[in-house]
Amino acid sequence: MKTFNVFFCSIILTQICGLDALAAAMRSCSIVTGANGYLGKEIVAELLRQNEEVRPDEIICLVRPTRVSSEEAYWAEESCVSVMPYDMLDGGHTLSNALKVACSEKNDCTTDVCVYHVASVFGPTANHEQTALDNVKGTEDVVKAIAEFSSERCKPKLIVTSSMAAVRASGQEPLNGKFYTSDDWNTRSKLGANWGASYQWSKAESERRARSLSAKLNVPMVSMCPSFIFGPPSSKDSNSFSIQLVGQWVRGESDVQSRLCVDVRDVAKAHVAAMASPGAMGKRYIVSSEARIPSQDMADALKKICKESGMGDPEKITFDSDFDGGAIKIGEKECEAAAKLLEDFGLVMRPVEETMADMGEVLLKMGTPSK
């Protein structure tokens, strides 16, 4: 019996040591394209907030070449963060460089890699049709680059930041006749009509092609479709159309508008949760509040912050009272998102009023960036 016990204990110890060795041989890396942007930077910050079970061993921020030095300075205190140049239109070359770093056989490790493809061009350009085509090609190249690095030791998965613009065009009726779901696709926006239509077309086409290519090339993929993103920027250097827009609102330069929207912090949480959820692969998520709130309520939230902080002039803040919401009226359920986000990720989107108040306060402190 004594001999049996010694033998049995030796087996248990061997198994435990083997598990420890297996854990030590596993490492994780997250790559974020467009990491110097409004959402990209928030995703990096959210990754860093994770506990040890989820937080990556390495985070590679892919940014515009002109932003490498400033981003290195910004993340200097985070030893697990590195910064590399990224060009969305180089045929996947700079992403491949990052994947080589992530998938290198360091200490004979197996690497769990997740690529967050956030980068795209939004806003008026000299040639909005070409910009839209560039967005689509950039996304296709991401999928192809990832597929080239798939192996037993390193099989990257992909989280694509799509948009509510890929779900529906302005005035487009939902498939169910009531509200938009992840089964809806934008079928109306036309490439070349104007810069807004070209951008919307590019988001829908980029996601369609990414999903088709990822299935063909066996790249695990999730697509996230956030509505209009608001919320406090994580850095004074952050810039986006929404930051400029809310800056105009708090300065009284334009009317506050009712928009279907979501907090940048919640969008980042959804991206990171998808990475940690194997069951999310292959799915499509709308990330948004489910209804627009009146522009007056949004204006009131900004006015309250002006009064409480003593910054800005609340009397200058005005709101648009003419727009009724379009195909789905303000206050009515516009999309289905909450149940799926709660069930799959345990996430609840924060109230729009809270988002606007937090964003307004931060922008007032920063000096509200101009156009």
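The structure under discussion appears in the preceding block.
Described below are features of the structure shown in this document. None of these values were measured; they are calculated from a predicted model.

Reading the values: the criteria
Residues numbered from 1 in each chain as written. Predicted model: local features only at pLDDT ≥ 70, side-chain atom pairs only at ≥ 80, totals over all residues. Heavy atoms only, no water. Buried < 20%, exposed > 50% of the residue type's maximum accessible area, 1.4 Å probe, protein only. Helix = DSSP H or I, 4+ residues; strand = E, 2+ residues; numbered from the N terminus. Pairing = 2+ DSSP bridges. Right-handed = clockwise from strand over helix to strand, strands pointing away. Contact = heavy atoms within 4.5 Å. Disulfide = S-S within 2.5 Å.

**Some details on the pairing of strand 2 (residues 58–63)**
Thought 1: For strand 2, a buried count of 6 out of 6 residues is recorded, marking the element as mostly surrounded by other parts of the structure.
Thought 2: Sheet analysis places strand 1 (residues 26–33) next to strand 2, joined by 5 bridges and oriented parallel. Among the inter-strand pairings, Ser30 is bridged to a residue of strand 2, identified as Ile59.
Thought 3: Regarding the hand of the β-α-β motif, the stretch spanning strand 1, helix 2 (residues 38–48) and strand 2 is right-handed.
Thought 4: As defined by bridge partners, strand 2 adjoins strand 3 (residues 81–85) across 5 bridges and the pair is classed as parallel. Across the sheet, Leu62 pairs through a bridge with Met84, a residue of strand 3.
Thought 5: You can see the chain leave strand 2, run along helix 3 (residues 68–74) and come back into strand 3, and the turn it takes is right-handed.

**A look at the environment of Arg64**
Thought 1: Structurally, Arg64 is set in the loop between strand 2 and helix 3.
Thought 2: Once the C-alpha coordinates of Arg64 and Pro85 are considered, the two residues, 21 residues apart in sequence, prove to be 5.6 Å apart.
Thought 3: Filtering out sequence-adjacent residues up to four positions away, Arg64 remains in contact with Asn36 and Tyr86.

**Re the side chain of Ser295**
Thought 1: Inspection of the secondary structure puts Ser295 in helix 9 (residues 295–309).
Thought 2: Taking relative accessible area as the criterion, Ser295 reaches 6% and is therefore assigned buried.

**Thoughts on the state of the cysteines**
Thought 1: By the definition in use, this model includes 1 disulfide.
Thought 2: The side chain of Cys103 participates in a disulfide bridge whose partner is Cys154; the two sulfur atoms lie 2.1 Å from each other. Residue Cys103 is located in the loop between helix 4 (93–102) and strand 4 (110–117), and its partner Cys154 is located in the loop between helix 5 (128–148) and strand 5 (157–161); the two are separated by 51 residues in the primary sequence.
Thought 3: What makes Cys154 buried here is its relative accessible area of 3%.
Thought 4: Counting only cysteine sulfurs, Cys61 is the nearest neighbor of Cys80, a cysteine outside any disulfide, at a range of 9.1 Å.
Thought 5: Classification of Cys80 as buried rests on a relative accessible area of 11%.

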